[in-house]
Amino acid sequence: RGGAASARPAPTPRPGAMWQAFVALVQLLKLLDHLAWFLGRGALAGIPWTILAVWRLALQCAGVDVDGKSRRGAFDRGDRRGANFGDAFASTEVPERIVLSSRGDANKLEAKMRGWLRWREDYDVDDILATPKPSFEVVKAFYPHALHGKTKSGHAIQMEAPGQFSKLIKALRDRGFEDPTRAVVEHVSFVMSYAFANVDPRDLPNGRILRIIDMSRMDLADTTYEAFMFLKTMASSVSIAFPERVHRVVIVNPPSGFGVLWSAFSPLASPSTLARVKVCKTTEEARRVLEEDMDPRDIPREYGGRCVCCGKDGREDKGGSPALATFRNIGGVDACPSASMSSCWRDEALERELWRDAAALNARSSGGGVRGPGRGRRGRSGDSK
């Protein structure tokens with residue numbers, strides 16, 4: 001009998017128990033989040049804050065509802081403002097992507113729909129591709145991010161290098177933007193809507209984006225409470241506005257502590273989430289992962305590829321980049337973070353078209369939409385067919 005007992009296999013953790021453990025860890029991190037206000041940017045608090053912020057961003061980009069707070073806050077704010085979403089539910093078809101992202105949970109479906117409707121109202125999404133974008137150049141200058149072609153399967157690709165958010169917040173305030181966070185969320189909403197109207201406008205299961213997140217610019221300046229809350233709000237807003245839009249998240253150049261945190265949490269995430277989030281510690285690893293979705297000639301050289309949109313040294317702009325000229329005018333090459341990036345971040349054809357269309361919107365005060373499939377179906381990019 002004792003031998004039989006000893007031969008029994010060890011019990012495997014139930015998925016529910018694993019999720020409870022995950023939630024418990026998230027609650028602990030939320031507590032640390034609130035303590036950050038008191039600890040400021042000290043080195044002891046700073047490194048975990050930076051890692052946590054990008055970790056949350058990666059999971060939210062992959063469609064994980066990390067703690068439900070962003071969804072609750074989205075429709076709670078709507079209720080406090082007296083918005084009546086009952087009529088909206090009666091007259092608005094629930095987008096298919098919101099249904100899919102709710103995974104059969106009726107409460108999640110309602111919360112996600114409320115948040116999505118509030119986002120559309122707050123940022124005038126019906127006309128977002130046809131109205132001036134006064135913050136476009138400043139956000140582009142101080143927050144490096146760019147469209148960079150399509151994947152082999154036709155999904156949009158966006159590179160982004162989060163970090164030094166204090167500079168971005170200051171630059172926006174210096175130029176008269178009283179609420180920098182709102183300005184950036186509006187900007188991101190415009191760029192993402194543009195991508196899904198013009199780069200990958202296909203219906204489900206397509207209409208997605210590959211996000212390459214380069215963490216090399218993250219530093220202790222991003223450990224202030226304001227910077228952390230800025231990144232947190234931005235990530236939550238993207239999750240609410242664009243459900244089931246991420247094809248994959250590839251994180252490159254992570255800090256050493258990120259790998260430890262990711263190793264601790266990844267066993268608690270679902271296989272589908274893990275399949276959509278890849279952490280690459282080396283250039284070679286980044287190249288191998290990106291080659292699954294991109295031709296080597298389209299992968300930026302800093303990630304091991306042979307991108308043809310760059311010059312021989314990876315920094316030369318063909319034909320004079322309108323983006324680089326703008327960056328020089330805004331703050332000079334040394335003071336402007338995006339100016340120091342390779343030309344892959346401003347010289348790819350789709351990124352140039354985005355700049356031309358944004359400039360055209362800013363050149364006129366009203367009328368007309370933007371190029372391509374987005375024209376004539378304004379707001380359609382936010383709908384999830």
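Read on for an overview of the structure. (Residues numbered from 1 in each chain as written. Predicted model: local features only at pLDDT ≥ 70, side-chain atom pairs only at ≥ 80, totals over all residues. Heavy atoms only, no water.)

**Structural notes on the nonpolar core**
The tendency in soluble globular proteins is for nonpolar side chains to be buried as a group. Basically, it comes down to this: We call a set of buried residues a nonpolar core when its members are Ala, Val, Leu, Ile, Met, Phe, Trp, Tyr or Cys and they connect through side-chain atoms within 4.5 Å of each other. Remark: exposure states derive from per-residue accessible area (1.4 Å probe, protein chains only) relative to the maximum for the residue type, with buried under 20%, exposed over 50%, and partly exposed in between. In DSSP terms, a helix is any run of H or I states spanning at least four residues, a strand is any run of E spanning at least two, and both are numbered starting from the N terminus. Note on contacts: a residue pair is in contact if any heavy atoms of the two residues lie within 4.5 Å.
Ranked by internal contacts, the top residues of the largest apolar core, which has 63 residues, are Phe165, Leu168, Leu172, Val184, Phe190, Met234 and Ile251. Looking at this core, the element that brings in the most residues is helix α10 (residues 180-198), giving 11 residues. When near neighbours in sequence (up to four residues on either side) are disregarded, Val184 contacts Val139, Leu168, Leu172, Phe230 and Met234. With 19 residues, the next largest nonpolar core counts Cys280, Ala286, Ile299 and Cys307 among its residues.

**Notes on helix α9 (residues 165-174)**
For clarity, the cut-off: The reported arc concerns the directions from the helix axis to the C-beta atoms and nothing else.
Every buried residue of α9 is accounted for by Phe165, Leu168, Ile169, Ala171 and Leu172. For α9, the arc enclosing every buried residue in end-on projection is 165 degrees, short of the 170-degree limit, so these residues lie on one face. Turned more than 90 degrees away from the buried face of α9, the exposed residues are Lys170 and Asp174. One or two steps after α9, the chain reaches Gly176, where phi turns positive at roughly 95 degrees.

**Quick look at the sheet that holds strand β5 (residues 277-280)**
Selection rule: For two strands to be treated as a pair, DSSP must find no fewer than two bridges joining them. All axes are obtained by fitting lines to C-alpha atoms, using only the stretch in contact for helices, and the reported angles, taken between N-to-C directions, cover 0 to 180 degrees.
Strand order across the open sheet formed by 5 strands is β1-β2-β3-β4-β5, with mixed pairing between neighbours. The open sheet terminates on both sides in strands that have one partner only, identified here as β1 (145-150) and β5. Geometrically, the sheet is characterised by an average inter-axis angle of 20 degrees between neighbouring strands, direction not taken into account. Summarising the sheet, strand β3 (residues 209-214) and strand β4 (residues 246-252) pair through 6 bridges and their orientation is parallel. Residue pairing for β4: Ile212 is matched across the bridge by Val250. Those strands touched by helix α14 (residues 283-291) are β3, β4 and β5, and its axis lies near 155 degrees from that of β5.

**Examining the packing of α10 against helix α17 (residues 349-363)**
Going by this rule: What sets the label is the angle itself: under 35 degrees gives roughly parallel, over 145 gives roughly antiparallel, 65 to 115 gives roughly perpendicular, and the rest give oblique. The crossing is said to be left-handed when, going from far helix to near helix, the turn is anticlockwise and less than a right angle, and right-handed when the turn is clockwise. Amino acids are sorted into nonpolar (Ala, Val, Leu, Ile, Met, Phe, Trp, Tyr, Cys and Pro), charged (Asp, Glu, Lys and Arg) and polar (every other residue, Gly among them).
Closest axis-to-axis distance for the α10/α17 pair is 12 Å, and the angle between their directions is 120 degrees. In terms of orientation, α10 and α17 fall into the oblique class. Crossing of α10 over α17 shows right-handed handedness. On α17, the residues that touch Phe190, Val191 and Tyr194 of α10 are Glu353, Leu354, Asp357, Ala358 and Leu361. Classifying every residue of the contact of α10 with α17 gives 6 nonpolar, no polar and 2 charged.

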